[in-house]
Amino acid sequence: GDSVTQMEGPVTLSEEAFLTINCTYTATGYPSLFWYVQYPGEGLQLLLKATKADDKGSNKGFEATYRKETTSFHLEKGSVQVSDSAVYFCALSDNFGNEKLTFGTGTRLTIIP
Amino acid sequence: EPEVTQTPSHQVTQMGQEVILRCVPISNHLYFYWYRQILGQKVEFLVSFYNNEISEKSEIFDDQFSVERPDGSNFTLKIRSTKLEDSAMYFCASRPIWGQGELFFGEGSRLTVL
């Protein structure tokens, strides 16, 4: 079945550091890929998405590129801020109508000033 | 901005008791979901619901679980006889008929079974 593997956390970085959170996937067919974020005390919310190979999703300075050859969708940000502290979830959708999401374990990111 | 709301935010119950978790999806959404996350583990799909019936369910969603949309606004998850291993954060989500893959999640209901 479909699965998502993402970088174990927690990750602690200093403000303005470069961020990479790795995500790889296993899926049949052609899934869509997502990063969801959960800020403290809030629900999961979509951060960015990519629906086909070589697409780049971007939002709030975060980027991720759908790499079919390496089955990866790594999340990057050039300069993180304290407000980016949250839990980040990589996910895929099977695109078969129901669009059920399969999630990774989540990576807790803490940014220190 | 419309949002998915869940109640209660935290419930503590004794093993064997029935629990109902409630969700109010965004009003014009047509697909509804329940997910759960056991502490330290993945967010797992439980069930999806469309047109007043279950469209898909996972192996986790056994006979102890049921879902209902009793009044056109609420979407509930019932666990008939809770077990210790049901302790988890339960997330409700909804989506409109458009919007490929973007689910709108509630803040979650934490269930602790003693």
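Everything numeric here is computed off the predicted structure, so don't read it as measured data.

(A) Highlighting the state of the cysteines. Tallied over the full model, the rule gives two disulfides over all chains. Disulfide pairing places A:Cys23 opposite A:Cys90 at an S-S distance of 1.9 Å. One quick way to see it: the torsion about the S-S bond of A:Cys23 and A:Cys90 is about -70°, and its sign makes the bridge left-handed. Of this pair, A:Cys23 sits in strand S4 (residues 23-26) while A:Cys90 sits in strand S10 (residues 86-93); the two residues are 67 residues apart in sequence, bridging distant segments of the chain. Each member of the pair, A:Cys23 as well as A:Cys90, is classed as buried. There is a disulfide in this structure between B:Cys23 and B:Cys92, and the S-S distance comes to 1.9 Å. In this structure, the disulfide formed by B:Cys23 and B:Cys92 twists by about -65° around the S-S bond and is classed as left-handed. On the criterion of sequence distance, the pair formed by B:Cys23 in strand S3 (residues 19-24) and B:Cys92 in strand S9 (residues 88-95) is long-range, its members being 69 residues apart. As far as the burial class goes, B:Cys23 and B:Cys92 line up, both buried.

(B) Focus on a negative patch on the surface. Negative charge collects at one region of the surface, where A:Glu42, B:Glu1, B:Glu3 and B:Glu107 lie side by side. Here A:Glu42 is to be found in the loop between strand S5 (32-38) and strand S6 (45-50).

(C) The pattern of salt bridges, seen in detail. Tallied over the full model, the rule gives five salt bridges over all chains. Of the charged contacts, one joins A:Asp84 and A:Lys77 as a salt bridge, the two residues approaching to 2.8 Å between their closest N and O atoms. With a relative accessible area of 6%, A:Asp84 lands in the buried category. B:Glu56 is the salt-bridge partner of A:Lys100, the closest N and O atoms lying 3.0 Å from each other. Linking A:Lys100 in the loop between S10 and strand S11 (101-103) with B:Glu56 in strand S6 (residues 53-57), this pair reaches from one chain into another.

(D) View of the sheet that holds strand S1 (residues 5-7) of chain B. All names here are of chain B. Across the sheet, four strands lie side by side as S1-S3-S8-S7; this open sheet has antiparallel pairing. Both edges of this open sheet fall to S1 and strand S7 (65-68), since each of them pairs with a single strand only. Direction aside, neighbouring strands of the sheet carry axes that sit 15° apart on average. Judged from the four bridges that link them, S7 and strand S8 (residues 75-79) form a sheet pairing that is antiparallel. Counterpart to Phe 65 in the pairing with S8 is Ile 79.

(E) Here's a closer look at the side chain of B:Ser58. All names here are of chain B. Relative to the helices and strands, Ser 58 is located in the loop between S6 and S7. Residue class for Ser 58 comes out buried when judged on its relative accessible area of 18%. From its side chain, Ser 58 meets the backbone oxygen of Phe 45 in a polar contact 2.9 Å long.

(F) How the structure looks around the sheet that holds strand S7 (residues 56-59) of chain A. Residues and elements named next belong to chain A. Pairing within the open sheet is antiparallel, and its four strands lie in the order S3-S9-S8-S7. Every interior strand has two partners, whereas the edge strands, strand S3 (19-21) and S7, have only one. Direction aside, the axes of adjacent strands within the sheet are offset by 15° on average.

(G) How the structure looks around the side chain of A:Gln38. Assignment of secondary structure puts A:Gln38 in strand S5. With relative accessibility at 15%, the residue A:Gln38 sits in the buried group. Within polar-contact distance, the side chain of A:Gln38 engages the backbone oxygen of A:Glu42 at 3.1 Å. For A:Gln38, the residues in contact, after removing those within four places along its chain, are A:Gly43, A:Leu44, A:Ala86, A:Val87, A:Phe89, B:Phe91 and B:Glu107.

Cut-offs applied
- Residues numbered from 1 in each chain as written.
- Chains lettered and ligands numbered in written order.
- Predicted model: local features only at pLDDT ≥ 70, side-chain atom pairs only at ≥ 80, totals over all residues.
- Heavy atoms only, no water.
- Disulfide = S-S within 2.5 Å.
- Helix = DSSP H or I, 4+ residues; strand = E, 2+ residues; numbered from the N terminus.
- Buried < 20%, exposed > 50% of the residue type's maximum accessible area, 1.4 Å probe, protein only.
- Patch = residues over 30% accessible without salt bridge, like charges linked within 9 Å, V, L, I, M, F, W, Y side chains within 5 Å.
- Areas by Shrake-Rupley, 256 points an atom, 1.4 Å probe, with all protein chains shown as cover.
- Salt bridge = Lys/Arg side-chain N within 4 Å of Asp/Glu carboxyl O.
- Lys, Arg positive; Asp, Glu negative; His and termini not counted.
- Charge placed at Lys NZ, Arg CZ, Asp CG, Glu CD.
- Pairing = 2+ DSSP bridges.
- Axes fitted to C-alpha atoms, helices over the stretch in contact; angles between N-to-C directions.
- Polar contact = N/O pair within 3.5 Å; in protein donor to acceptor, adjacent residues only side chain to side chain.
- Contact = heavy atoms within 4.5 Å.

These figures capture arrangement, not role.
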